[in-house]
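Each chain, letter by letter, is given below.
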Amino acid sequence: MAAEPAHAPLYRRALLKLSGEALLGGTTYGIDPAAAMRFAREIHAASLSGTQMCVVIGGGNIFRGLAGAAYGMDRVKADYIGMLATVMNALALANALNQAGAQAAIHSAIPVEAAGVQPFQRDRALRDLSSGKIVIFAGGTGNPFFTTDTAAALRAAEMGCDVILKATQVDGIYSADPKLDPDAARYERLTYDEALTRDLKVMDAAAFALARDSRIPIVVFCIEAEGSIGAVLGGKADSTFVTAD
């Protein structure tokens, strides 16, 4: 059963960027089915409230390309392993969405058609969105050296999304790491250029630049609390709003 929508949504079409680590839940590695189900209920509720939902999911709970490269792996091969990890996470989230009563379609830059993962094709993804399906984008951009944050900005632009919702472990963008610096201040609003020039690390520079060029606002919020997805869609969550001006 889907969670009840907490607030009327502000956006017609949104892209939620989930980290792979969000699927850890109470585990230290892999996928916690309870965490996947919690996100599925909230994403389904958002969809029922009137927002067409896209999701880009990372793979850091299983494998991170940069970490593999740091241990001596070839960076390109390590990044492809990381992309495949995002496909596994997408399958888990799609399964949870189905169990929650939603229809989900996975579109991947790396096709795994035997597992029901179709190759990304923009017009087909738009048709799935228009038919009421929740569209999960996996496989990153399909290219090494690009993060899933950049994939989120790219897919949001291709899908004509009104906003990118960047889910993190803290309630916005801070002047420093709030877990390490008690004096860190949270920004209520930033421009893309401010985020880039201040080298704020919540998303990589390519993602910020692509969102800026596409004029898609980014809302950075904390995913930890139950109901946080509905709250941010309704403008009721503590967050940082990043926009052109």
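Residue positions within a chain follow its written sequence, with the count starting from 1. Two thresholds apply to this predicted model, a pLDDT of at least 70 for residue-level local features and 80 or more for giving and counting side-chain atom pairs, whereas whole-chain, interface and lining totals are computed over all residues. The side-chain figures draw on all heavy atoms in the structure; neither hydrogens nor water molecules are used.

A.B. asks: What should I look at first to understand the overall build of the chain in this one?
C.D. replies: A tally of regular secondary structure across the chain gives eight helices and nine strands. Against the compact-globule benchmark of 18 Å for 245 residues, the chain has a radius of gyration of 17 Å, which places it among compact chains. Projected onto its principal axes, the C-alpha coordinates of the chain cover approximately 50 × 50 × 35 Å. Considering the chain as a whole, with its 245 residues, one finds that 51% of them fall into the buried category. Any two residues whose heavy atoms approach within 4.5 Å are treated as being in contact. Counted over contacts in the chain with a minimum sequence separation of 6, partners at least 24 positions apart contribute 72%. Each accessible area value is a Shrake-Rupley result obtained with a 1.4 Å probe; residue values ignore everything except the protein chains displayed when judging cover. Counting only carbon and sulfur atoms, one obtains 53% of the accessible surface of the chain, whose full area is about 10,900 Å². The charge count includes Lys and Arg as positive and Asp and Glu as negative, but it does not include His or the ends of the chains. Here the site of a charge means atom NZ of a Lys, CZ of an Arg, CG of an Asp or CD of a Glu. Distance between charge centroids for the chain: 5 Å, based on 22 positive and 26 negative side chains. By definition, any uninterrupted DSSP run of H or I lasting at least four residues is a helix, any uninterrupted run of E lasting at least two residues is a strand, and each is numbered from the N terminus. Each radius of gyration reported is based on C-alpha atoms, and the globular scaling rule is 2.2 Å times the count of residues to the power 0.38. Burial classification: accessible surface area is computed with a 1.4 Å probe over protein chains only, and a residue below 20% of its type maximum counts as buried, one above 50% as exposed, and the rest as partly exposed.

A.B. asks: Explain a nonpolar patch on the surface to me, please; I cannot follow it from the model alone.
C.D. replies: Residues Val-76, Tyr-80, Phe-145 and Phe-146 make up a contiguous nonpolar surface patch of roughly 380 Å² in combined accessible area. Position of Phe-145 among the secondary structure elements: in the loop between strand S5 (134-138) and helix H5 (148-159). Patches draw on residues past 30% relative accessible area with no salt bridge. Two like charges within 9 Å are joined, as are two nonpolar side chains (Val, Leu, Ile, Met, Phe, Trp, Tyr) within 5 Å. Each salt bridge in this description consists of a side-chain nitrogen of Lys or Arg and a carboxyl oxygen of Asp or Glu lying within 4 Å of one another.

A.B. asks: I would appreciate a short explanation of the pairing of strand S3 (residues 104-108) in the present structure.
C.D. replies: One face of the sheet, then the other: side chains in a regular strand alternate in exactly this way. Most of S3 is tucked away, with four of its five residues classed as buried. Paired strands, as defined in this entry, are two strands with at least two bridges between them according to DSSP. The sheet contact formed by S3 and S5 spans five bridges and is parallel. Counterpart to Ala-104 in the pairing with S5 is Ile-134. Examined bridge by bridge, S3 and strand S4 (residues 118-119) share two bridges and lie parallel to one another. Among the inter-strand pairings, His-107 is bridged to a residue of S4, identified as Gln-118.

A.B. asks: In this structure, what is going on with H5? I would like to understand it.
C.D. replies: In this model, H5 (twelve residues) spans 16 Å end to end at C-alpha, consistent with the 16 Å of a helix rising 1.5 Å per residue. Extensive coverage of H5 is indicated by the burial of nine of its twelve residues. When we look at burial in H5, the residues that qualify are Thr-148, Asp-149, Thr-150, Ala-151, Ala-152, Ala-153, Arg-155, Ala-156 and Met-159. Under the rule applied, a polar contact is a pair of N or O atoms within 3.5 Å (in protein, one hydrogen donor and one hydrogen acceptor; residues adjacent in sequence only if both atoms are side-chain atoms). The N-cap of H5, judged by a side-chain oxygen 3.2 Å from the amide nitrogen of Asp-149 a few residues on, is Thr-147. Helix span, expected: 1.5 Å multiplied by one less than the number of residues in the helix.

A.B. asks: What is the right way to read the environment of Tyr-29 from this model?
C.D. replies: Along the chain, Tyr-29 turns up in the loop between strand S1 (13-18) and helix H1 (33-48). On the accessibility criterion, Tyr-29 (55% relative accessible area) is exposed. For the pair formed by Tyr-29 and Gly-60, sequence separation is 31 residues and the distance between their alpha carbons is 9.3 Å. Sequence-distant contacts of Tyr-29, defined by excluding residues within four places in its chain, comprise Leu-24, Asn-61 and Ile-62.

A.B. asks: Hey, could you run me through the pattern of salt bridges in this one?
C.D. replies: Where side chains of opposite charge bring their charged atoms close, a pairing between them can arise. Enumeration according to the criterion identifies 15 salt bridges in this entry. Here Glu-226 and Arg-41 are joined by a salt bridge, their closest N and O atoms 3.9 Å apart. Placement of the pair is Glu-226 in the loop between strand S8 (218-222) and helix H8 (228-233) and Arg-41 in helix H1, with a sequence separation of 185 residues. Note that Arg-186 and Glu-188 form a salt bridge whose closest N and O atoms lie 3.2 Å from each other. Each member of the salt-bridge network shares a partner with another, and the members are Lys-17, Asp-149 and Lys-166.

A.B. asks: I tried to follow the packing of aromatic side chains on my own but got confused; where do I start?
C.D. replies: For any pair of aromatic rings, the description consists of the separation of the ring centres together with the inter-plane angle of the planes. Note on ring pairs: Phe, Tyr and Trp rings are taken, using the six-membered ring of Trp, and paired if centres are within 6.5 Å. Classes follow the plane angle, with under 30 degrees stacked, over 60 edge-to-face and the rest tilted. Counting across every chain of the model gives one aromatic pair. Considering the side-chain rings of Phe-120 and Phe-137, the 5.7 Å spacing of their centres and the 75 degrees angle between planes classify their relative orientation as edge-to-face. Residue Phe-120 is found in the loop between S4 and helix H4 (122-130), and its partner Phe-137 is found in strand S5; the two are separated by 17 residues along the sequence. For the pair Phe-120 and Phe-137, one class covers both residues: buried.

A.B. asks: Can you help me understand the pairing of S8 in this one?
C.D. replies: Burial within S8 is extensive, with four of its five residues counted as buried. Where strand S6 (residues 163-168) lies against S8, five bridges are found, and the strand directions are parallel. What sits directly across from Thr-168, in S8, is Cys-222. Bridge count for S8 against strand S9 (residues 239-243) is four bridges, and the pairing is antiparallel. Within S9, the residue paired with Val-220 across the bridge is Thr-240.

A.B. asks: How do you make sense of the nonpolar core when you look at a structure like this?
C.D. replies: Nonpolar side chains in soluble globular proteins generally cluster together in the buried interior. By nonpolar core we mean a set of buried residues, namely Ala, Val, Leu, Ile, Met, Phe, Trp, Tyr and Cys, connected to one another through side-chain atoms within 4.5 Å. Grouped together as the largest cluster of nonpolar side chains are 38 residues, with contacts concentrated most on Leu-16, Leu-18, Phe-39, Ile-43 and Leu-165. Among the elements of the structure, S1, H1, strand S2 (52-57), helix H3 (75-99), S5, S6, S8 and H8 are those that each provide at least two residues to this core. It is H1 that contributes the most residues to this core, seven residues altogether. Setting aside anything within four residues of it in sequence, one finds Ile-43 in contact with Leu-16, Met-53, Val-55, Leu-93, Leu-97, Ile-134 and Ile-229.

So far we have only geometry, and geometry alone does not tell us how the molecule works.
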